[in-house]
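# Chain and residue survey
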Amino acid sequence: MNKQHNIKRGVSLYSYQYETFLGKMTLDDCIAHAAGTGARGIEILGEQSFTNFPNVPQEQIDGFFASLERHGAYAQCHDMFLDTKLYKHRKLNFDEMVASMQRDLRFAKRLGVKTMRIIVNTPPEVVVACVPLAEELDIRMGIEVHSPFHFDHPWILRYTELTRATGSDHVGYIPDMGMYIKQYPRVFRDRFLRMGATPKIVEFILEAHAARVLPDYVLMDIRKMGATPVDLQMAETLRHNIWSNPRRMLEFMPWIFHIHAKFFEIDETGKEPAIPYEEIIPVLIEGGYTGHLSSEYEGQRHIEDAFEVDGREQVKRQQDMFKRLLGE
């Protein structure tokens, strides 16, 4: 692929969640590995990477910057989460949600990032209320357009309507490539088979996914086939494993700040069997995308029951794939 582009590579530290949780990798190890693949843009999850979030001691922040400098990397994006169920008997009210998001904007500023991922359940009205602070801090807020949502979903359309009305260039989108699942993920299939799913029903679900059959119809059909609870659980995953057209991003490209390069596995041939990056990256180049492709490995939870997880190897394989597809 020889067409000129200015797409950059990065890694979400979410990719190393398994190793981080088990104490196999420190924050410095994560940054070192990402930078070692040539992906220098680091995406942070405050709750994963620091203790006492959101009240992170300054010495931890200083250590983070020291790691970035040591490994030739830079902080690129902060992922915020809106803990709407913080209290046992009620959800956060509007003012509390705004305060929570403003807290994350200020934390993003401490990290030195220019982009903040907004989790998709954040009400658009809350985002609009935070635009003045985002502009003051010069941090772009992008809602994560995450499966089963897509650019034409009513929730995202409402977000578009309300945020565009602000006229701000500090509010936009962070598409998650999990909305471009062309083939049902093999790691999902294999996990359900290990859990005891009925092979003929598994095959039926795979064929239904390939034919883009509505999940409700699939559930009705497999019940007639005598589906077990595990079979029904597998069919329910069709709701999230959606395929939408990557070219839909072209209309939104001026407001796309960052890409979550979701993947479940990169196989021995260097491809992601479920998500067709060979179709996605040309769209990004055509649209003049200039942000980061941020590796987000999510296969670990689907294999950890039977296999040793190796987030390092998987991230390296995806970054090698990106080098090839980007013509580096």
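Since the model is a prediction, treat every value here as computed from it, not as a measurement.

### Notes on the overall build of the protein
Broken down by element type, the protein carries 14 helices and 8 strands. Relative to the 2.2 N^0.38 estimate, which gives 20 Å for 328 residues, the radius of gyration of the protein is 20 Å and therefore close to what a compact globule would have. If you line up the protein on its principal axes, its C-alpha atoms span 60 × 45 × 40 Å. Out of the 328 residues in the protein, the part that is buried amounts to 52%. Summing over all exposed atoms, the protein offers an accessible surface of approximately 14700 Å²; the carbon and sulfur share of this is 53%.

### Details of the side chain of D231
By the secondary structure assignment, D231 is in helix α11 (residues 229-236). Although D231 is buried, it forms no salt bridge, and the closest oppositely charged side chain is K200 at an N-O distance of 8.9 Å. Engagement of the side chain of D231 in a polar contact is seen with the backbone nitrogen of T228, the distance being 2.9 Å. Sequence-distant contacts of D231, defined by excluding residues within four places in its chain, comprise A197, T198, I201, I205 and I222.

### Some points on the side chain of Q76
Mapped onto the elements, Q76 comes out in strand β3 (residues 74-79). Assessed through its relative accessible area of 8%, Q76 is described here as buried. Polar side-chain contacts of Q76 include one of 3.5 Å to the side chain of H292. Each residue touching Q76, except ones within four places of it in the same chain, is listed here: G41, I42, V113, K114, T115, H258 and H292.

### A look at the sheet that holds strand β1 (residues 8-12)
Across the sheet, 8 strands lie side by side as β6-β5-β4-β3-β2-β1-β8-β7; this open sheet has parallel pairing. Whereas interior strands pair on both sides, the edge strands pair on one side only; in this sheet they are β6 (171-175) and β7 (259-263). Recorded for the sheet is a direction-independent mean angle of 30° between the axes of neighbouring strands. Sheet strands touched by helix α6 (residues 124-137): β4 (115-118), β5 (140-145) and β6. Its angle to β5, the strand with the most contacts, is close to 150°.

About the thresholds
Residues numbered from 1 in each chain as written. Predicted model: local features only at pLDDT ≥ 70, side-chain atom pairs only at ≥ 80, totals over all residues. Heavy atoms only, no water. Helix = DSSP H or I, 4+ residues; strand = E, 2+ residues; numbered from the N terminus. Rg over C-alpha atoms; globule rule 2.2 N^0.38 Å. Buried < 20%, exposed > 50% of the residue type's maximum accessible area, 1.4 Å probe, protein only. Areas by Shrake-Rupley, 256 points an atom, 1.4 Å probe, with all protein chains shown as cover. Lys, Arg positive; Asp, Glu negative; His and termini not counted. Salt bridge = Lys/Arg side-chain N within 4 Å of Asp/Glu carboxyl O. Polar contact = N/O pair within 3.5 Å; in protein donor to acceptor, adjacent residues only side chain to side chain. Contact = heavy atoms within 4.5 Å. Pairing = 2+ DSSP bridges. Axes fitted to C-alpha atoms, helices over the stretch in contact; angles between N-to-C directions.

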